[in-house]
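# Report on the structure
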Amino acid sequence: MNQASAATLQYLRRRRRAHRSPQQRSDRFTGLYTAGLYTAIGAWAGFQALRQGPARGGSAVWLTGGGLARVATIALLLGLLAALRYATWQGPVVFTAPEVQFLLGSPLPRAELVRARLGRGLLVAAAAGAALGLAAFVLLEAELAVPAWPLLAAAVAGPAAFGVLAAALGWLVESSPATARVVLLTSPLVLAAAAAAFFGGAGAAGAGPWSGPWGWAAGPLVAAAGGRDAGWPFQAALLAVLTSAAVLAAWRTAARVTLEELERRAGTRAGLGASIFMADPRGAALLRHQAVGSLVGVRRLGLRHPRRRWLAVPWRDALSLLRAPGRVGWALVLCGSGALAVAVAPGRRLLAAGAVVAAYLGAARLAEPLRGEADQPDAGRQLPWRWGELILLHTATPILVLTAIGLAVTLALALAGLVPAAALGMAAAGCLPVAAALVWSAAIAGQRGRLGLDQFLTASAMGELAGPIYLLRWFATGPMVALAALLGPILVLQGAAGSPPPRAQAAATNAAALLATALAVQGAWLRSRHPPD
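Please read all numbers here as calculations on a predicted model, not as lab measurements.

## Some thoughts on the overall build of the protein
Per the secondary structure count, the protein includes 23 helices and 0 strands. Computed over C-alpha atoms, the radius of gyration of the protein comes to 26 Å, within 12% of the 24 Å expected from 2.2 N^0.38 for 533 residues, which places it in the range of a compact globule. The principal-axis extent of the C-alpha atoms belonging to the protein is close to 80 × 60 × 50 Å. Out of the 533 residues in the protein, the part that is buried amounts to 41%. Taking as baseline every contact in the protein between residues at least 6 positions apart, the subset at least 24 positions apart corresponds to 78%. Carbon together with sulfur atoms contributes 68% to the accessible area of the protein, which is approximately 27700 Å² in total. Here the protein contributes 46 positive and 20 negative side-chain charges, whose respective centroids are spaced 5 Å apart.

Below you can see the structure in the form of structure tokens.
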């Protein structure tokens, strides 16, 4: 960088500082101070609460016997995946639209402008990783009562370095559309591998710390917590070397990003800010989907037109899934992970509830056309069906697709020996009604339309306690309906596990009756709905 450019950048920094009023600096300091104060108070209160009644029995044995290695490795892997997916549409370096138009378009060294934001992003990522590690330290120290200083150093240093690595890799993804497409296409496979590793047992726990940088960051923490990981010094060295290499690569490629890419991300950021200001999470989700779709592209696939009019809506939904197969992939990963969890540990009720929620999220991805219909309810008035009938027609294709996914997952689990041959027929027969319950639960939540200012005004009028509960109920309606429909039959079947054949058959009959009742209630409720305002 020549002297003229350096002087211009220095002048720009001085002008920015001069335009910051004392009130803005005071507000920033107050925000940071408040966040730090409440974090310290929450950490101290949580530590004291756990320390007063520690459960150093089975949970401590599970943590030191491999549970901590699996959980920490998978948590960091999912964090890296989330950071890389975030980098496909935003990332650690994001400019505003005026900055792209006037600042980056000026004859200034773009690399220096980008490096200033990149350095800030690396610091924020390190702070986020350190905060995550501090929370893990509080929980583990209260639970295990191991020497504090080695555990604190491992819990803070490892996740902080991993956060820097995630931010540096995020910039490499942000500056390369081809790399961003690879991240988007391989994300479901990474999530499936994480689910398989969680249920992999002792083998997965031993291989986890050596599986990659996510394991290298967890290895010192496992060793400091009393776990078995003799290779943690080499893992820490590998993490330091890889982080340094990633930061150096990101720093050197600061000028590689195109102005068009930064402008696209700036426009997404502006729309995201407007959606948040208008309390429109649906609009923010659509912006993210649009930004990601511009990278992957739209597949121009077609289907033969149906000959009967009632098949027009399912045909359109099937065409939408063909042109966005990622929804089917995510549904397969989420439903498969839930089914795998139940098959590996069939007697755990909490795990069964988590599997229902995961399967609901997969069904919600398939029901995206229904949400699009609720975004513009006036368009449905031109069709020869009432709103409730139109909603039920929109659920036909997701139910069939989710049933096929359930049959494929059931067959795979049976081939793996996780589903007994005696229960294979009942599991296959239950795929269709379970899929209908999940999709209709997603339809009950999706047919309401967007969360708007009316709901926020209602919540604000309800008070400080009832208002947040009202908003939480809005977001949790779909999972709660799915749990109400499916958790009863699951508990009935779990209670009869290992019983004699007559009792098991009676339990299956009772579970089928509960599921049929839930489906009848859901179907009648959906059919009676009216278009949202």
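Read on for the rest.
## Points about the pattern of salt bridges
The full count for this structure, using the stated rule, is 7 salt bridges. Note that Glu99 is salt-bridged to Arg117, the shortest N-O span being 2.7 Å. Of this pair, Glu99 sits in helix H4 (residues 97-103) while Arg117 sits in helix H5 (residues 110-144), placing them 18 residues apart in sequence. Arg117 matches Glu99 in its accessibility class, with the two residues each being buried. Salt bridges here are not isolated pairs; linked through shared partners, they connect Glu261, Arg264 and Arg265.

## Structural notes on the nonpolar core
Ranked by internal contacts, the top residues of the largest apolar core, which has 49 residues, are Phe95, Val114, Phe162 and Trp171. With 8 residues, the top contributor of residues to this core is helix H6 (residues 148-174). Dropping the residues within four chain positions of it, Trp171 is found in contact with Pro92, Val93, Val114, Leu118, Ala250, Thr253, Ala254 and Val257. Core analysis: the second largest hydrophobic core is formed by 43 residues, Leu321, Ala331, Leu390 and Trp440 among them.

## Side note on the packing of helix H18 (residues 396-415) against helix H20 (residues 431-446)
One way to put it is that H18 packs onto H20 with a least axis distance of 8 Å and a crossing angle of 130°. Classified by the angle their axes make, H18 and H20 are oblique. Seen from above, H18 lies across H20 with right-handed handedness. Residues Pro398, Ile399, Leu402, Thr403, Gly406, Leu407 and Thr410 of H18 lie in contact with H20, whose contacting residues are Cys431, Leu432, Ala435, Ala436, Leu438, Val439 and Trp440. Of the residues in the contact of H18 with H20, the class split is 11 nonpolar, 3 polar and no charged.

## A short note on a positive patch on the surface
On the surface, Arg13, Arg14, Arg17, Arg20, Arg28 and Arg120 cluster together to form a positively charged patch. Tracing the backbone through its elements, the reader meets Arg120 in helix H5.

## With respect to the layout of surface pockets
Roughly 1500 Å³ of volume is contained in the largest pocket. What lines the largest pocket is a set of 45 residues, among which Val342, Met426, Ala427, Ile490 and Leu493 lie closest to the centre. Residues that form the lining of the largest pocket fall into these classes: 39 nonpolar, 6 polar and no charged. By volume, the second largest pocket amounts to about 870 Å³. Around the second largest pocket sit 25 residues that line it, and Arg282, Ala285, Ala364, Glu368 and Arg371 are the ones nearest its centre. Only helix H12 (281-296), helix H14 (326-344), helix H15 (349-366), helix H16 (368-375), H20 and helix H22 (466-495) provide two or more residues apiece to the lining of the second largest pocket.

## Re the packing of H5 against helix H10 (residues 232-252)
Here H5 crosses H10 at 155°, and the two axes come no closer than 10 Å. The angle between H5 and H10 falls in the class roughly antiparallel. As for how H5 packs across H10, the hand of that crossing is right-handed. Touching Arg115, Leu118, Gly119 and Leu122 of H5 are Val247, Ala250, Trp251 and Arg252, all from H10. Of the residues contributing to the contact of H5 with H10, the split by class is 5 nonpolar, 1 polar and 2 charged.

## Quick look at the environment of Val124
Mapping Val124 onto the fold places it in helix H5. For the pair Val124 and Ser275, spaced 151 residues apart in sequence, the C-alpha to C-alpha distance is 24 Å.

## Observations regarding the environment of Ala364
In this structure, Ala364 sits in helix H15. For the pair Ala364 and Pro479, spaced 115 residues apart in sequence, the C-alpha to C-alpha distance is 9.9 Å. Those residues in contact with Ala364 that lie beyond four places of it in its chain are Arg371 and Ala442.

## What to know about the packing of aromatic side chains
Throughout the structure, instances matching the rule amount to 1 aromatic pair. Summarising the aromatic geometry, the rings of Tyr86 and Trp89 are spaced 5.7 Å apart at their centres and angled 80° between planes, so their arrangement reads as edge-to-face. A relative accessible area of 38% means that Tyr86 is categorised as partly exposed. A relative accessible area of 11% means that Trp89 is categorised as buried. Sitting over the face of the ring of Trp474, Arg448 holds its NZ or CZ atom 4.0 Å from the ring centroid. Over the ring of Trp525 we find Arg529, and its NZ or CZ is 3.8 Å from the ring centre.

## Here we look at H12
Taking 1.5 Å as the rise per residue, H12 with 16 residues should run 22 Å; its terminal C-alpha atoms sit 23 Å apart, in good agreement. Every buried residue belonging to H12 is among Arg282, Gly283, Ala284, Ala291, Val292 and Leu295, and all of these are buried.

## Examining the environment of Leu104
Mapped onto the fold, Leu104 is located in the loop between H4 and H5. Beyond its immediate stretch of four places on either side in the chain, Leu104 contacts Phe95, Glu99, Arg110, Leu113, Leu259 and Leu262.

## Observations regarding a nonpolar patch on the surface
Taken together, the side chains of Phe29, Tyr33, Leu37, Tyr38 and Ile41 present a nonpolar region at the surface, about 590 Å² in accessible area. When you line up the elements, Phe29 lands in helix H2 (residues 22-52). Taking the relative accessible area as the measure of exposure, Phe29 reaches 58% and is therefore exposed.

What counts, and at which threshold
- Residues numbered from 1 in each chain as written.
- Predicted model: local features only at pLDDT ≥ 70, side-chain atom pairs only at ≥ 80, totals over all residues.
- Heavy atoms only, no water.
- Helix = DSSP H or I, 4+ residues; strand = E, 2+ residues; numbered from the N terminus.
- Rg over C-alpha atoms; globule rule 2.2 N^0.38 Å.
- Buried < 20%, exposed > 50% of the residue type's maximum accessible area, 1.4 Å probe, protein only.
- Contact = heavy atoms within 4.5 Å.
- Areas by Shrake-Rupley, 256 points an atom, 1.4 Å probe, with all protein chains shown as cover.
- Lys, Arg positive; Asp, Glu negative; His and termini not counted.
- Charge placed at Lys NZ, Arg CZ, Asp CG, Glu CD.
- Salt bridge = Lys/Arg side-chain N within 4 Å of Asp/Glu carboxyl O.
- Core = buried A, V, L, I, M, F, W, Y, C linked by side-chain atoms within 4.5 Å.
- Axes fitted to C-alpha atoms, helices over the stretch in contact; angles between N-to-C directions.
- Parallel < 35°, antiparallel > 145°, perpendicular 65-115°, else oblique.
- Left-handed = near helix turned anticlockwise from the far one by under 90°.
- Nonpolar A, V, L, I, M, F, W, Y, C, P; charged D, E, K, R; others polar.
- Patch = residues over 30% accessible without salt bridge, like charges linked within 9 Å, V, L, I, M, F, W, Y side chains within 5 Å.
- 1 Å grid on protein atoms, 1.4 Å probe; cavity = no way out; pocket = protein on both sides within 12 Å on 5 of 7 lines; lining within 4 Å.
- Points joined across faces, edges and corners; volume = space filled by probe spheres on them.
- Phe/Tyr/Trp six-rings, centres within 6.5 Å; stacked < 30°, edge-to-face > 60°.
- Lys NZ or Arg CZ within 6 Å of the ring centre and 35° of its normal.
- Expected span 1.5 Å × (residues − 1).

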